[in-house]
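Observations on the three-dimensional arrangement
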Amino acid sequence: MSDTPLVATPLYGLRTWTVVGESGAERLAGPHQCTTWPPGGAWLEATCTQSPVHQPPTHGCGCGLHAWHPSRRSARRILAGRRDVPGIAEARGAMEVHEDGFRAERARPYALVLVPGRNARLVRRLAKVYAAQVVEADSPDAVLAFCRARGLGLDESTVVRLLGPATAAEYRRARRERVRADALRLAAAVAAVALLVVAGLRVATDPPGDRVLHGRTGEIHTNSR
Ligand SMILES: [Zn+2]
């Protein structure tokens, strides 16, 4: 076995595009950098906004064209934004593979996802302009099923094999910690709201005057005169 992990290209991943341009002559663009992706099946070559000497994807930089490995989480993510067009990118050239996705030297739209109830005409028009397929999908699972049926993208076990188990475990731990921090922030916010509601009810039902309420964070002084 070789020490250098090999990834078969083209590599496919999920991502979204923003739509730019006049109605009827729309183009796809990156959500953050306003680079317009070239139509007609042409490849977009990544450039770096941080350094002119970078040849994307440069390790430690954010340059390169991004896409996520197909998973339920990433599929949910691309379908969440109603203004962006979700789809599947086809990537070639140098790649940097991460736990949740990759950055590539060049890419083009491979398929655009048409979600029922969204702008079907626009998605079909863009797919034609970009020589991309249209995938009708009403759920993250439907997007995932499309990728699995065609063998598109890297699955979790392949990513672990590429990154090595230690790196993959490190990524997972970092993600769990992020999730936990979010959960704590949410719990604190819910507790604060609950306290305000309790205080509000007491004030609403008690006769006017000074009083002291005992909340979870200590005494709360109120005056409802
Ligand atoms: Zn760079």
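See the structure shown above.
To start, this report covers the structure provided alongside it.

Conventions used here
Residues numbered from 1 in each chain as written. Predicted model: local features only at pLDDT ≥ 70, side-chain atom pairs only at ≥ 80, totals over all residues. Heavy atoms only, no water. Core = buried A, V, L, I, M, F, W, Y, C linked by side-chain atoms within 4.5 Å. Buried < 20%, exposed > 50% of the residue type's maximum accessible area, 1.4 Å probe, protein only. Helix = DSSP H or I, 4+ residues; strand = E, 2+ residues; numbered from the N terminus. Patch = residues over 30% accessible without salt bridge, like charges linked within 9 Å, V, L, I, M, F, W, Y side chains within 5 Å. Areas by Shrake-Rupley, 256 points an atom, 1.4 Å probe, with all protein chains shown as cover. Salt bridge = Lys/Arg side-chain N within 4 Å of Asp/Glu carboxyl O. Lys, Arg positive; Asp, Glu negative; His and termini not counted. Charge placed at Lys NZ, Arg CZ, Asp CG, Glu CD. Polar contact = N/O pair within 3.5 Å; in protein donor to acceptor, adjacent residues only side chain to side chain. Contact = heavy atoms within 4.5 Å. Donors = N, O, S within 2.8 Å, 3.2 Å for Na, K, Ca; no water. Tetrahedral: all angles 85-135°; square planar, octahedral: opposite > 155°, others 65-115°. Pairing = 2+ DSSP bridges.

1. Here's the deal with the nonpolar core
- Of all hydrophobic cores here, the largest spans 27 residues; its most connected members are Leu 28, Trp 37, Phe 102, Leu 112 and Leu 126.
- Listing elements by their share of this core, those giving two or more residues are β1 (11-20), β4 (65-68), β5 (85-97), β6 (101-114), α2 (120-129) and α4 (156-163).
- Counting residues in hydrophobic clusters, the runner-up holds 16 residues, among them Tyr 12, Leu 79, Ile 88 and Ala 111.

2. Section: a positive patch on the surface
- A cluster of basic side chains, namely Arg 73, Arg 76, Arg 77 and Arg 178, defines a positive patch on the protein surface.
- In terms of residue count, the dominant contributor to the positive patch is helix α1 (residues 72-80) (3 residues).
- Mapped onto the fold, Arg 178 is located in helix α5 (residues 165-205).

3. As for the side chain of Glu 96
- Relative to the elements of secondary structure, Glu 96 occurs in strand β5.
- A distance of 3.1 Å separates a polar atom in the side chain of Glu 96 from a polar atom in the side chain of His 98.
- Within the structure, Glu 96 has its side chain in polar contact with the side chain of Arg 103 (distance 2.7 Å).
- Ignoring any residue separated from it by four or fewer positions in sequence, one finds Glu 96 in contact with Pro 57, Thr 58, His 59, Gly 60, Gly 101, Phe 102 and Arg 103.

4. Some details on the coordination of the zinc ion
- Coordination of the zinc ion by the protein involves Cys 48 (SG), His 54 (ND1), Cys 61 (SG) and Cys 63 (SG), with metal-donor separations of 2.0 to 2.4 Å.
- Each of the 4 donor atoms bound to the zinc ion contributes to angles spanning 103 to 121 degrees, and the resulting shape is tetrahedral.
- Expressed as a motif, the donor residue spacing for the zinc ion is C-x5-H-x6-C-x1-C. As far as burial versus exposure is concerned, Cys 61 and Cys 63 are alike and both buried.

5. Considering the pairing of β5
- In terms of strand pairing, β1 meets β5 through 7 bridges, oriented antiparallel. Bridge pairing in β5 places Arg 15 opposite Gly 87.
- As paired elements, β5 and β6 share 9 bridges and run antiparallel to each other. Its bridge partner being in β6, Glu 96 is matched across the sheet by Arg 103.
- Hairpin connection between β5 and β6: a loop of 3 residues separates the two successive antiparallel strands.

Interpretation note: all reported values are geometric properties and have no functional meaning in isolation.
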